[in-house]
Amino acid sequence: MKSDVVFSGAVRRYDLKRPGVKVGYGLMTLFCILAAIVALLPILWVIISGFKDLQEFNRGVKNLTDKRYYIQFLPQSFSLEGYLKTWNQFKYVRYYLNSLAVVTGSVVTAVVVNGLFAYGLSRLKPRGWKVVYGLVMATLMVPATTSIVPLFVNITKLGMGGSFIPLWLMMGASAFYVVLFKNFYDAMPTSLLEAGRLDGCNSLQLFFRIVLPLSMPINIVIVIYAVNAAWSDFLLPYLLLGGTKLETVMVRLFTYRTSDRVNNMDIIRAIVFSIIPPILLFIAFQRQITQNVMSAGIKG
Amino acid sequence: MQTSPIPHAGRAKAKWKRDLGSWCVMLPGLLLFAFFIWEPLLEAVRLSVYEAQGTRAIRFVGLDNYRSVIAGPDFWPSVTNTFVYLLWSLLIGFLLPMALAIGIHESVRGKGLYRTAVYLPNIVPGLATVFLWKYLFKSDAYGGLNMLLGAVGIPPQGWLSNAAIVIPMIVVTMTWKGAGSTALLYLAGLQGVSPELYEAAIIDGANVRQRVWNITLPQLYNLARTLFILQVIAVFQVLYEPLVMTNGGPNNASISMMQLVYRYAFDQYDYSRASAVSVIVAIALLTLTFIYNRVNKEKEM
Amino acid sequence: MKKLVSVLLTLCLCLAAFGALAETTLKLGVYPEEVATDAIASHETYIEKYSAQYPDVTVERAHYKYSTDTFVPMAEAGTVPTVFESWFTEPKKLIGGQFIADITDELEARGWLSKMNPSIRTLMSDENGRVYGVPRDAYALGLMLNAELFEDAGLVDENGIPLYPKTWEELAETAKTIKDATGSAGLCLLAKDNAGGWHFSNIAWAFGATLENQDADGKWIANLNSAEAVAAMQYVKDLKWKYDVLTADPTSEDWGTGFTQLGTGAAAMYIAANDAVNMPTQQNGLAVDKLMMCGIPAGPGGQYSLMGGTPYFFAANATPDEINAALDYLVIMGKAPELTDDAIEGLRVDAKNRKENGIPNIVEFPAWSDPELVAKRQEIISEYSNVDARMFQPYFDAVATEGNLRMEEPQNAQEMYAELTKVLQAVVTDENADVQALMDTASANLQQILDEQVNK
């Protein structure tokens, strides 16, 4: 029966005949709808606000007869002028391309390096792995805020300032991703790896030929997280790329706080510019992403 | 192992060789962790027992920095607040994703829509999120939330200027961003429940409440345990939300421990004291995690 | 492997040798940000002149906007530009951390030291009198007014000039009138970050307070809970609860939002300095002819204006050659006490740029006590005047009064502002806040910091 396919949870169609369950189910649906609205409304609000001019946004619209200001939820016009001004003035095309470069490189290291590391900790387990794993876990607990200074000093000493390379490499050292990968690999059937060994694969070949392709669900989770993280990061990117032609979208937003030439509206529009691409990307791959995240759930 | 044909010495040698190979596989990760995470972290921790000029240690001072930060006027408010953040984020931030996951899972229509909608805030960059919510919470009639209230005739509220609700409001911001992705993880767990389990319960005469209580929730238990401690770790390190939205105010009502780190390091350029607070946060987290794991283990036994 | 190492070594040596031969490089942190195309045009003319005059200096356009979360990493890594603009709050900690260069000798050689306004010079020196900065200009706090709101509220004289408040009491009344007539806040008070305490210290002075004292033994005493300081804080509390003339939430207002509120007509008055007239206008859309400035109102303790200076600093690792190259550039910008043709031209370019971009052209505050220079600047400004002088006269009259200018409190000013800001936050969010008790706590906290860091 079709109904039983969709009603696959605790509540079944015939339960709804009971008034108590029916009300409860109704409330639950309401809750889901509300949650969706709460999630979307702020995003919608910021996009709409971007059409306003500064005075409209900050103070409302002045009524010329009584000289008072009135609130309007919608902008007086939906002309793209404001957005275009911010877009052109701040040369967003370039920032997008730079962000894209940072994200692409970061995603590759995030999956390959953390994956290899976790594979070692989960499957190869050479003597001493527990110490290293402990260190990785401890990394999660120690706030990294102040270590930005020694880190940037080290990077500069190696002459890697003003390039994307440190940002790409840094994504290969994420304790969180290592833990997620390790959880997944731990649950992988040993027989598959044994088969690979018998075929004469060494550890490295095993990883690239068997482990990685069989881990698509977790790979996609990490890709999403890494895209998010790389796209959102600003402090180290600023230090490395600030003032060069390589600035990213978030570096731009970060410098807006102190800029002399930016007002609230530019910030609002910059927020919109910084969220549109990830949202489009997410909607485009929505099906693959949610399905894979779902099947990769941590079996904690 | 005892039946292995390789003689003892050779076996040890082979193991050595294999270990070496394994470490080589892990080498890129190790190097990157060492360079990007561990070495800078160690330097920061070392600084906490030194007097420093910038980040150049000049004199060993033992625990002086620790004493000084604990005696500082904002230390205890920040500790108390951190626990208030924790409380609220467990109340709002921990339960909500679970409820969302169950709700979406039980929904017949609109599953995909709900899923997409609640996950979208998660991809809004953190910096954009705090800027955005700062404008939403703006306390005159032109703030986003007050506009909504105004539409139904309620006067504007000072969302972030009321010491009693400022932390819950910041937690709302964090939850808005984070709940969707956590809900997806829970949903994944629920996906793993075979519908037959519910059917069996139905045959046994279990009502809806009993089915949820006995089948749905236990399925989430393991995952919830992991996410719980990850959330505690995250809440202890809350920084940018109060920093941008309230700067810790009003009158320290929302200052977090990491904000103290930030103030020492980035406002006063006092990296020794900043590191001392970081280490205190780390010790607190290590202790909490340790206790938490202990309690969990005992429960299992 | 060995071969590789030796090749690398040779390469390094070559580079080092090349570096030694190479000309001086001037990393120009004062170069404007990319979007400020008008200011960039000005600087391009400066650079053109500079390169003609100093052909062996390579100018690198290295815009750096000082900010506290980026500076230390850059300073420790040695990537700070040769010369950059900073804030008046920073000298002490930058000097203490050895993040910036001692330029006393270079200034001495040029004869600039004696020309520096003595108060400003103190501000940029360490305890041994070594100087680390060159002032871009000096500033003094005043009161900025949105003239449009004064007009809407009918608060203008027969010439249409706003009737500005002369005392704090008048300010409260004026603010009330404006709020009642227009619905806009009368005053934008800051209470989000240290800028709140900074502004408040100026109010406290008017009420007769001195916030830090030195006792007979030279020990510094926090004095935030004197009757005068408490009266000043009570006055602020009244602005919120008795008069209700502040913006909706002072705890969300910082230096920048204050200008947005003033510029967009959400607030009629705002404490701000003469060097920030671009903020309400160019930045936040207030018409140039609708901005007025008057002095900080007087109180029972007198009338004072907090004075300071915006400094140029030099990277700690800059060589004397590089520092001199940077100082030469400041001459061309017209920011130095040297009245060369280039400097005059530089001032002209700047004044013209301000006029074209809707920034009020008003006289800068002399950071150099060189009468000839001051007169020349005055002349150039009036040449490119774009404001009605009457709109700024009250401000200049106030700060020209003997004894009006006052430097900020000498010890740990930022920590003091932080403590005061917490009290401000409490009194504007809690109608029942106990002002005396809060100021007692603030004073005790400041004392603890003074004892730990100054009185040791």
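What counts and how
Residues numbered from 1 in each chain as written. Chains lettered and ligands numbered in written order. Predicted model: local features only at pLDDT ≥ 70, side-chain atom pairs only at ≥ 80, totals over all residues. Heavy atoms only, no water. Helix = DSSP H or I, 4+ residues; strand = E, 2+ residues; numbered from the N terminus. Rg over C-alpha atoms; globule rule 2.2 N^0.38 Å. Buried < 20%, exposed > 50% of the residue type's maximum accessible area, 1.4 Å probe, protein only. Areas by Shrake-Rupley, 256 points an atom, 1.4 Å probe, with all protein chains shown as cover. Lys, Arg positive; Asp, Glu negative; His and termini not counted. Charge placed at Lys NZ, Arg CZ, Asp CG, Glu CD. Phe/Tyr/Trp six-rings, centres within 6.5 Å; stacked < 30°, edge-to-face > 60°. Lys NZ or Arg CZ within 6 Å of the ring centre and 35° of its normal. Contact = heavy atoms within 4.5 Å. Buried area = accessible area lost by both parts, 1.4 Å probe. Salt bridge = Lys/Arg side-chain N within 4 Å of Asp/Glu carboxyl O. Polar contact = N/O pair within 3.5 Å; in protein donor to acceptor, adjacent residues only side chain to side chain. Nonpolar A, V, L, I, M, F, W, Y, C, P; charged D, E, K, R; others polar. Core = buried A, V, L, I, M, F, W, Y, C linked by side-chain atoms within 4.5 Å. Domains from an automatic or database assignment. Axes fitted to C-alpha atoms, helices over the stretch in contact; angles between N-to-C directions. Parallel < 35°, antiparallel > 145°, perpendicular 65-115°, else oblique. Patch = residues over 30% accessible without salt bridge, like charges linked within 9 Å, V, L, I, M, F, W, Y side chains within 5 Å. Pairing = 2+ DSSP bridges.

Describing the overall build of chain A
The helix and strand inventory of chain A stands at 16 helices and two strands. At 25 Å, chain A has a C-alpha radius of gyration far larger than the 19 Å of a compact globule built from 300 residues. Expressed as a percentage of its 300 residues, the buried residues of chain A come to 57%. Surface accessibility of chain A: about 13200 Å² in total, with carbon and sulfur atoms responsible for 67%. Across chain A, the 29 positively charged side chains and the 13 negatively charged ones have centroids separated by 4 Å.

With respect to the overall build of chain B
The secondary structure content of chain B amounts to 12 helices and two strands. Ordered by position from the N terminus, the helices and strands of chain B form the series α-β-β-α-α-α-α-α-α-α-α-α-α-α. Taking 301 residues into account, the globule formula puts the C-alpha radius of gyration at 19 Å, and chain B, at 25 Å, lies well above it. Projected onto its principal axes, the C-alpha coordinates of chain B cover approximately 85 × 70 × 35 Å. With 301 residues in all, chain B has 55% of them scored as buried.

Description of the packing of aromatic side chains
Overall, the coordinates contain 57 aromatic pairs over all chains when judged by the stated rule. Judged by centre distance (5.4 Å) and plane angle (50 degrees), the rings of Trp133(B) and Phe137(B) are tilted. Both residues of the pair, Trp133(B) and Phe137(B), count as buried. An aromatic cluster of three or more residues is present, and its members are Phe51(A), Phe78(A), Tyr83(A), Trp87(A), Tyr92(A), Tyr95(A), Tyr96(A), Trp231(A) and Phe273(A). The residue whose ring lies beneath Lys182(A) is Tyr133(A), and the NZ or CZ to ring-centre distance is 4.6 Å.

What about the interface of chain C and chain A?
Much of the literature gives interface size as the accessible area that the parts lose upon coming together. Every contact between the two is made by 33 residues of chain C and, on the other side, 30 residues of chain A. In total, chain C and chain A occlude about 2700 Å² of area from one another, counting both sides; carbon and sulfur atoms represent 49% of this. A per-residue breakdown of the area chain C buries against chain A is headed by Glu34(C), Val35(C) and Gln283(C), which together make up 22% of the total. At the boundary of chain C with chain A, the tally comes to five salt bridges. Lys91(A) is paired through a salt bridge with Glu34(C); the nearest N and O atoms lie 3.5 Å apart. For the pair chain C and chain A, the interface holds 12 residue pairs in polar contact (both at pLDDT 80 or more). When residues in the side of chain C that touches chain A are grouped by element, the largest group, seven residues, is from helix 3 (residues 68-77) of chain C. Taken together, the residues of the side of chain C that touches chain A break down into 10 nonpolar, 13 polar and 10 charged.

Here's the deal with the nonpolar core
Among the nonpolar cores identified, the biggest contains 331 residues, and Tyr185(A), Leu253(A), Phe200(C) and Phe314(C) are the most heavily contacted of them. Tallying contributions element by element places helix 5 (residues 92-124) of chain A first for this core, with 15 residues. Aside from chain neighbours lying at most four places away, what touches Phe314(C) is Thr82(C), Val83(C), Phe84(C), Ile100(C), Ala101(C), Ile103(C), Tyr132(C), Val134(C), Ile323(C), Ala326(C), Leu327(C) and Leu330(C).

Some remarks on the pattern of salt bridges
Evaluation of the coordinates by the stated rule reveals 35 salt bridges over all chains. Across the pair Asp275(C) and Arg136(C) runs a salt bridge whose closest N-O atoms are separated by 3.4 Å. Separated by 139 residues along the polypeptide, Asp275(C) in the loop between strand 8 (267-273) and helix 12 (279-283) and Arg136(C) in strand 4 (residues 134-146) bring together distant segments of the chain. Each of Asp74(B), Arg263(B), Glu419(C) and Lys422(C) takes part in salt bridges that share partners, so that together they form one network.

A look at the domain arrangement of chain A
Residues and elements named next belong to chain A. According to the domain assignment, chain A contains domain 1 (14-78) and domain 2 (82-299). Distance between the C-alpha centres of domain 1 and domain 2: 33 Å. Taken residue by residue, the interface counts 11 residues in domain 1 and 11 residues in domain 2. Between domain 1 and domain 2, roughly 860 Å² of surface is buried when both sides are summed, and carbon and sulfur atoms account for 79% of that area.

Here's the deal with the packing of helix 9 (residues 175-186) of chain A against helix 12 (residues 216-232) of chain A
Packed helices, taken two at a time, are described by their axes: the angle between them and the distance between them. Residue and element names in this part refer to chain A. Put simply, helix 9 and helix 12 touch, their axes get as near as 10 Å, and they point 170 degrees apart. One finds that helix 9 runs roughly antiparallel with respect to helix 12. Side by side, helix 9 and helix 12 meet where Phe 176, Tyr 177, Leu 180, Phe 181 and Phe 184 of the first sit next to Pro 217, Ile 218, Asn 219, Val 221, Ile 222, Tyr 225, Ala 226 and Ala 229 of the second. Of the residues contributing to the contact of helix 9 with helix 12, the split by class is 12 nonpolar, one polar and no charged.

Quick notes on unusual backbone geometry
In the segment running from Gly249(B) into Pro250(B), the intervening peptide bond is cis, with an omega of -10 degrees. Within the fold, Pro250(B) resides in the loop between helix 10 (240-245) and helix 11 (257-267). Positive phi, normally seen in glycine, also occurs at Asn251(B), with a value near 45 degrees. Topologically, Asn251(B) is positioned in the loop between helix 10 and helix 11. Unusually for a residue other than glycine, Gln98(C) sits at a positive phi of about 55 degrees. Residue position: Gln98(C) is located in the loop between helix 4 (91-96) and helix 5 (104-110).

With respect to the interface of chain A and chain B
Of the residues lining the interface, 107 residues belong to chain A; the matching set on chain B comes to 97 residues. Contact between chain A and chain B buries roughly 8900 Å² in total, counting both sides, with carbon and sulfur atoms accounting for 75%. The interface formed by chain A and chain B contains three salt bridges. Notably, a salt bridge pairs Asp19(B) with Arg127(A), separated by 2.7 Å at the nearest N-O pair. Linking chain A to chain B there are 18 residue pairs in polar contact (both at pLDDT 80 or more). Counting residues per element, the side of chain A that touches chain B draws most heavily on helix 2 (residues 19-49) of chain A, at 17 residues. Residue composition of the side of chain A that touches chain B, grouped by class: 74 nonpolar, 25 polar and eight charged.

Here's the deal with a nonpolar patch on the surface
On the surface, Val23(A), Leu27(A), Leu30(A), Ile33(A), Leu34(A), Ile37(A), Leu41(A), Leu44(A) and Leu148(B) cluster together into a nonpolar patch covering about 810 Å² of accessible area. With eight residues, the single largest contributor to the nonpolar patch is helix 2 of chain A. For Ile33(A), the position within the fold is in helix 2. What makes Ile33(A) partly exposed here is its relative accessible area of 39%.

Brief notes about the domain arrangement of chain B
By the assigned domains, chain B splits into domain 1 (1-42) and domain 2 (75-254). Put simply, the middle of domain 1 of chain B and the middle of domain 2 of chain B, counted by C-alpha atoms, are 42 Å apart.

Looking at the pairing of strand 8 of chain C
One face of the sheet, then the other: side chains in a regular strand alternate in exactly this way. All names here are of chain C. With seven of seven residues buried, strand 8 is to be regarded as a mostly interior element. Two elements, strand 5 (residues 185-188) and strand 8, share three bridges in a ladder whose sense is parallel. Bridge pairing in strand 8 links Leu 187 to Met 269.

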